[in-house]
Amino acid sequence: MFGRGDCGGECRNPGGCVCPSQAAPVGRNRLLDVLEQPDPDLGKQLCRPSPCGKWLQATDLTREVYQHLAHYVPKIYCRGPNPFPQKEDMLAQHVLLGPMEWYLCGEDPAFGFPKLEQANKPSHLCGRVFKVGEPTYSCRDCAVDPTCVLCMECFLGSIHRDHRYRMTTSGGGGFCDCGDTEAWKEGPYCQKHELNTSEIEEEEDPLVHLSEDVIARTYNIFAITFRYAVEILTWEKESELPADLEMVEKSDTYYCMLFNDEVHTYEQVIYTLQKAVNCTQKEAIGFATTVDRDGRRSVRYGDFQYCEQAKSVIVRNTSRQTKPLKVQVMHSSIVAHQNFGLKLLSWLGSIIGYSDGLRRILCQVGLQEGPDGENSSLVDRLMLSDSKLWKGARSVYHQLFMSSLLMDLKYKKLFAVRFAKNYERLQSDYVTDDHDREFSVADLSVQIFTVPSLARMLITEENLMSIIIKTFMDHLRHRDAQGRFQFERYTALQAFKFRRVQSLILDLKYVLISKPTEWSDELRQKFLEGFDAFLELLKCMQGMDPITRQVGQHIEMEPEWEAAFTLQMKLTHVISMMQDWCASDEKVLIEAYKKCLAVLMQCHGGYTDGEQPITLSICGHSVETIRYCVSQEKVSIHLPVSRLLAGLHVLLSKSEVAYKFPELLPLSELSPPMLIEHPLRCLVLCAQVHAGMWRRNGFSLVNQIYYYHNVKCRREMFDKDVVMLQTGVSMMDPNHFLMIMLSRFELYQIFSTPDYGKRFSSEITHKDVVQQNNTLIEEMLYLIIMLVGERFSPGVGQVNATDEIKREIIHQLSIKPMAHSELVKSLPEDENKETGMESVIEAVAHFKKPGLTGRGMYELKPECAKEFNLYFYHFSRAEQSKAEEAQRKLKRQNREDTALPPPVLPPFCPLFASLVNILQSDVMLCIMGTILQWAVEHNGYAWSESMLQRVLHLIGMALQEEKQHLENVTEEHVVTFTFTQKISKPGEAPKNSPSILAMLETLQNAPYLEVHKDMIRWILKTFNAVKKMRESSPTSPVAETEGTIMEESSRDKDKAERKRKAEIARLRREKIMAQMSEMQRHFIDENKELFQQTLELDASTSAVLDHSPVASDMTLTALGPAQTQVPEQRQFVTCILCQEEQEVKVESRAMVLAAFVQRSTVLSKNRSKFIQDPEKYDPLFMHPDLSCGTHTSSCGHIMHAHCWQS
């Protein structure tokens, strides 16, 4: 055992010290044994006293330490072509790091560090840095956002293990959020870290647990080592070192250093290395693997010329198609110092784990401004050099930042400010860099921006929202003449930059993910500045990628559409969160609404298409609009400014700001026709695509329409367009709206001109156009159903978010029972990746447990079927068809009629209350009456059953609405919704068309509308119920043509009712007689030749029969060669589908009967037998025991086989 003071008098520690060279001679001998050919200097150093005593007395400690490093680092590291990391680390620990630890502790580190650890009050933060592939856990109930995660140890010791949680694997780089009170709504501490919370009542300075000597020494050694590591890692010269590290004797030993990139493949690198350095494939694979993992690897060691030769081969072989691999010829001493620099950063990270005081000192050293002013701190220098560093160096210093700056709450704020100030430059470096996001310092944004207090501070003090948005827009400079983003002719480089710049949207999402509960004036001001920048971004998207219908020739090249939709999808949650922020403060909401409206008016002012004014007139109503045809002009599916305004308008209603402060809102300045114009064009575009009018525009448009309705985009696209139309209708005359809608759907001529439909349908050359118009009419009626029926968004209807998600689930389960995963995929997710399904699913569905091989299914509860809406706006056409079929089948099983009436709807909010008047407007009644007229005179017009079905649904909605009005009416109010009275009145002269009610009664008995009879019957039944309610209601008005309201006595009412019924009966008789007469005349006119042929055929047949020998039943018939000739019976039948008559012959077209085949037990010979699975039992199969027979029945109507199949 060595005595005290044996350091040659250099050690000044009270109580003496034991130096590393004296503490363990066995260890020293082992170190010498490690060296195959030990360097004489290293051997001397291993036997020499430690320099720590000398350092304690030094006046210029930096110079002393640098000299020590300059002398020994090149002797330990990079001594040959192949690295020996274990040997190098052992020597570095003894010769380089050991003295630093002695200096820091002032005694043997084996005793000093445990003392520091014991005096330290452990942090309540876990801070465990995750490795790649390590499991992480996030509580879906308590996490503030999905980025808040726990390590396995903390999770198992927390309350969250009994909650709903999400388990994922880490990509590496993040750390455990246990102990962070801002990350969790409840249970921020696990059992391990909870022990410390009672002791930490208020934040105290961790330096109080360290002596002044230790603080001073730590500060000195941290400042020197951190500066050395930063300086050498950011050193860009390849052949010379910084002056204070330069060696006296410089050897001619170099490394050919190959760097990683994300462009070249493994195969390219392996092939190139085999040619450049003459290595085997196995060695080349090893090189390539190390380069990919660590970011760089030396592939040749030798003199400069030898390494330069390998470099030229590598560059030449990899520069033919892409940029060449990055290769540098670096002096061995530079590589040695850089390797030790990384070791030093790792060492700093481990040392600060002993004490929070040491961590605080390192943070002070890292963020202290240097002599060069701004951005001269060591942390700034590292961040700004990030893109120049290789992957291994980045990973090491990122981990140091996480274990130091991000674990100290005080310096986390200071670091966040530095990060925000450098944000623009860091992102620009990342965009031009070719490494993935997880290897960039920009990825630390998730650790900073998701902390609510830091995010608010950065928005307020650094204007972070504006910085992020403007940085994003600076990278998207490709614009068209109107200033809109243009992705049409993107080069490969621009497309690469666009993919990388999307990460900025993610940063904006992080900033907004936690909504403020309290607003300051500064936060309001800065948020609205950020909102202005966001509106500028949306303004560049408004109307981008416009398309024009291709006529005549198919489009030659599919246009670029994916970039615009990618941008829209990335922004979807950001737009929603912007609205949530606005909704949380009334002043912000009012200002945001004004700003959004102003930008929308600017956008409309920039459009010059279709400005020619025209006047539309129907039913005595006139409106002025512009001449615009979607099928001829440019139209865009991207309208984010309009949709944001629609969302804010709903929030005005939901938060009641529209009723509290109407004087602060520009509602009087709103121009409803302007608001509805572009969303209406977009919906008309979808209708025309469905009608087949845009087939020549290729698949790019079909894909855009698909994503427009898709669950990922529809919340901020399709849904908001419907809301904007609802907003417009609620603020304008519904007659005017409907006329503008007819004009945009290009159907105005059909409904404004008497008998236009009849004339149009008679032109056989326009069959495609007739079909297109029918589809457009169906789509227009569908849109009206949506406008009136879609009131389940909070703010549009008097509902909450739970009602909205319930309705989504009900309609998904109306199609078929679904598994949990299938149901979740069909529901929209919020910014926290939650659908809200779990909170409501038990109220609307039963869970059917899986069998042996199947999956568990949710089935809709029977009592929820009454809420089914056939025209639910999120159904695709296939889903609507399946849902209709499933619901009708269910009703048949329950022995109910198959009508699918509209459900009872919640009332509109006051801001949208006037919207229901569209159902009883004159133009709407005209449209309904016209289509019903076509159905009554079904042979004279081109119409479809889908069209009629939609009209019946609208009539049903109007009756339900009136019924609700009457049920909820109070004595002070008068029900002005008088749909039943309006549909009871016949048309006025000169047309004198029957009333809608009379036509419904006519259609009830129409044989060609068998499918719709139940629905018509339900409508008439509901009409009578509403009429009785109106008659019994004391406040019920009777609407006259002029719209006046009168009261009648009971006797007058009865008299009027009898008169009305008599009038309806007379009109109905006249109508039927006229219809039959018209049908007879029309049939004879169209079939003159057929009548003539039939007469001639009958005459010729009778002539043949008269002149041939006929054998009657009474005559004898001879058999054999000279048998008596028996005439054939000729049979003629008529196809009930095409009405064509045909003689039954072998060579004629096949004729068939529709038959129903079923099992029958009427003549059963074995009644005791039980069929196990009746659904799968084939009725055509008859078992020999004759337990079941086959019974076939037919209606007897004959058809052509091909007519039946088509």
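Residues numbered from 1 in each chain as written. Predicted model: local features only at pLDDT ≥ 70, side-chain atom pairs only at ≥ 80, totals over all residues. Heavy atoms only, no water.

## Comments concerning the overall build of the chain
Next, step 1: Broken down by element type, the chain carries 48 helices and 15 strands.
Next, step 2: Residues classed as buried in the chain amount to 51% of the 1206 residues present.
Next, step 3: Here the contacts in the chain between residues at least 6 apart in sequence split such that 74% fall between residues at least 24 apart.
Next, step 4: In the structure as shown, the chain presents an accessible area of about 59,400 Å², 52% of it carried by carbon and sulfur atoms. (Helix = DSSP H or I, 4+ residues; strand = E, 2+ residues; numbered from the N terminus. Buried < 20%, exposed > 50% of the residue type's maximum accessible area, 1.4 Å probe, protein only. Contact = heavy atoms within 4.5 Å. Areas by Shrake-Rupley, 256 points an atom, 1.4 Å probe, with all protein chains shown as cover.)

## Brief notes about helix H12 (residues 281-294)
Next, step 1: With 14 residues, H12 ought to run about 20 Å at 1.5 Å a step, and its terminal C-alpha atoms sit 20 Å apart, in line with that.
Next, step 2: Turning to H12, its buried residues are Ala 284, Phe 287, Ala 288, Thr 290 and Val 291. Viewed along the axis of H12, the buried residues span an arc of 165°, placing them on a single side of the element. For H12, the exposed residues set more than 90 degrees away from the buried face come down to Lys 282 and Arg 293.
Next, step 3: The elements touched by buried residues of H12 are strand S3 (254-259), helix H11 (266-277) and strand S4 (296-302).
Next, step 4: The first or second residue beyond H12 is Gly 295, which carries a positive phi of 100°. (Expected span 1.5 Å × (residues − 1). Arc of directions from axis to C-beta.)

## Remarks on unusual backbone geometry
Next, step 1: Here Asp 545, not a glycine, exhibits a phi torsion of approximately 50°, which is positive.
Next, step 2: Relative to the helices and strands, Asp 545 is located in the loop between helix H25 (521-541) and helix H26 (562-583).
Next, step 3: On the basis of relative accessibility, which here comes to 14%, the residue Asp 545 falls in the buried class.

## Concerning the packing of aromatic side chains
Next, step 1: Scanning the model with the defined rule gives 34 aromatic pairs in all.
Next, step 2: Centre to centre, the rings of Tyr 77 and Phe 340 are 6.1 Å apart; their planes meet at 50°, and the pair counts as tilted. You can see Tyr 77 sitting in the loop between helix H5 (61-76) and helix H6 (85-105) and its partner Phe 340 sitting in helix H14 (residues 332-351), a full 263 residues away along the chain. With respect to burial, Tyr 77 and Phe 340 carry one shared label: buried.
Next, step 3: Their ring planes at 0° and their centres at 4.4 Å tell us that Phe 113 and Tyr 354 sit as a pair that is stacked. (Phe/Tyr/Trp six-rings, centres within 6.5 Å; stacked < 30°, edge-to-face > 60°.)

## A look at the pairing of strand S5 (residues 327-331)
Next, step 1: With five of its five residues buried, S5 lies for the most part within the structure.
Next, step 2: Here S3 runs beside S5; their pairing, made up of five bridges, is antiparallel. Residue pairing for S5: Met 257 is matched across the bridge by Gln 328. (Pairing = 2+ DSSP bridges.)

## Details of the pattern of salt bridges
Next, step 1: Inspection of every chain in the model, using the stated rule, returns 47 salt bridges.
Next, step 2: Between Glu 107 and Lys 115 there is a salt bridge, with the nearest N and O atoms lying 3.2 Å from each other.
Next, step 3: The salt bridge partner of Glu 236 is Lys 388, with a shortest N-O separation of 3.3 Å. With a gap of 152 residues between them, Glu 236 in the loop between helix H10 (212-233) and S3 and Lys 388 in the loop between helix H16 (378-384) and helix H17 (391-403) connect regions that are remote in the sequence. (Salt bridge = Lys/Arg side-chain N within 4 Å of Asp/Glu carboxyl O.)

## Quick notes on the confidence of the model for the chain
Next, step 1: Residues at a pLDDT of 70 or more form 85% of the chain, whose mean pLDDT is 83.
Next, step 2: Contacts of residues 197-202 to residues separated by more than four positions or lying in other chains number three contacts, the stretch itself having pLDDT below 50.
Next, step 3: Across residues 1095-1114 the pLDDT falls below 50, and counting only partners more than four positions away or on other chains, this stretch makes seven contacts in the model. (pLDDT = per-residue confidence, 0-100.)

## Quick look at the sheet that holds S3
Next, step 1: As summarised here, the arrangement of the three strands in space is S4-S3-S5, forming an open sheet in which the pairing is antiparallel. With one partner strand each, in any of the chains shown, S4 and S5 form the two edges of the open sheet. Across the sheet, the axes of successive neighbouring strands diverge by a mean angle of 30°, strand direction being ignored.
Next, step 2: As paired strands, S3 and S4 are joined by six bridges and run antiparallel to one another. Considered in S4, the bridge of Met 257 is made with Ser 298. (Axes fitted to C-alpha atoms, helices over the stretch in contact; angles between N-to-C directions.)

## What to know about the pairing of strand S1 (residues 135-139)
Next, step 1: Of all five residues in S1, four are buried; the element is thus mostly enclosed.
Next, step 2: Pairing analysis gives five bridges linking S1 to strand S2 (residues 165-169), with the strands arranged antiparallel. Residue pairing for S2: Thr 136 is matched across the bridge by Thr 168.

## A short note on the environment of Glu 560
Next, step 1: Take Glu 560: it is sitting in the loop between H25 and H26.
Next, step 2: In this structure, the C-alpha to C-alpha distance between Glu 560 and Glu 488, residues 72 residues apart in sequence, is 5.4 Å.
Next, step 3: Dropping the residues within four chain positions of it, Glu 560 is found in contact with Phe 487, Glu 488 and Asp 545.
Next, step 4: In this structure the side chain of Glu 560 is engaged in a polar contact, spanning 3.0 Å, whose partner is the backbone nitrogen of Glu 562.
Next, step 5: Within polar-contact distance, the side chain of Glu 560 engages the backbone nitrogen of Ala 563 at 2.8 Å. (Polar contact = N/O pair within 3.5 Å; in protein donor to acceptor, adjacent residues only side chain to side chain.)

## Here's the deal with the packing of H26 against helix H28 (residues 640-654)
Next, step 1: Two numbers describe how H26 lies on H28: the axes approach to 10 Å, and their chain directions differ by 30°. Here H28 runs roughly parallel to H26, going by the angle between their axes. Between H26 and H28 lies a crossing of right-handed hand. Here Ile 575, Gln 579, Cys 582 and Ala 583 of H26 lie close against H28, whose contacting residues are Leu 644, Gly 647, Leu 648 and Leu 651.
Next, step 2: A per-class count over the contact of H26 with H28 returns six nonpolar, two polar and no charged. (Parallel < 35°, antiparallel > 145°, perpendicular 65-115°, else oblique. Left-handed = near helix turned anticlockwise from the far one by under 90°. Nonpolar A, V, L, I, M, F, W, Y, C, P; charged D, E, K, R; others polar.)

## Quick notes on the nonpolar core
Next, step 1: Ranked by size, the top nonpolar core spans 278 residues in total, and within it Phe 222 and Phe 340 carry the most contacts.
Next, step 2: With residues up to four places along the chain from it excluded, the contact list for Phe 222 reads Leu 104, Arg 227, Leu 348, Ile 351, Ile 352, Leu 358, Ile 361, Leu 362 and Val 365.
Next, step 3: By size, the runner-up hydrophobic cluster in this structure holds 21 residues, among which are Cys 256, Leu 273, Ala 284 and Phe 287. (Core = buried A, V, L, I, M, F, W, Y, C linked by side-chain atoms within 4.5 Å.)

## So, helix H41 (residues 922-936)
An α-helix turns once every 3.6 residues. As a result, residues three or four positions apart point the same way.
Next, step 1: With 15 residues, H41 extends 21 Å from end C-alpha to end C-alpha; this agrees with the ideal 21 Å at 1.5 Å per step.
Next, step 2: Of all 15 residues in H41, 14 are buried, a share of seventy percent or more.

## Some points on the side chain of His 649
Next, step 1: Of note, His 649 is situated in helix H28.
Next, step 2: Relative accessible area serves as the criterion here: at 2%, His 649 is assigned to the buried category.
Next, step 3: Of the polar contacts made by the side chain of His 649, one reaches the side chain of Tyr 593; its length is 2.8 Å.
Next, step 4: In contact with His 649, not counting residues within four places along its chain, are Tyr 593, Leu 667, Leu 670, Thr 727, Leu 911 and Phe 912.

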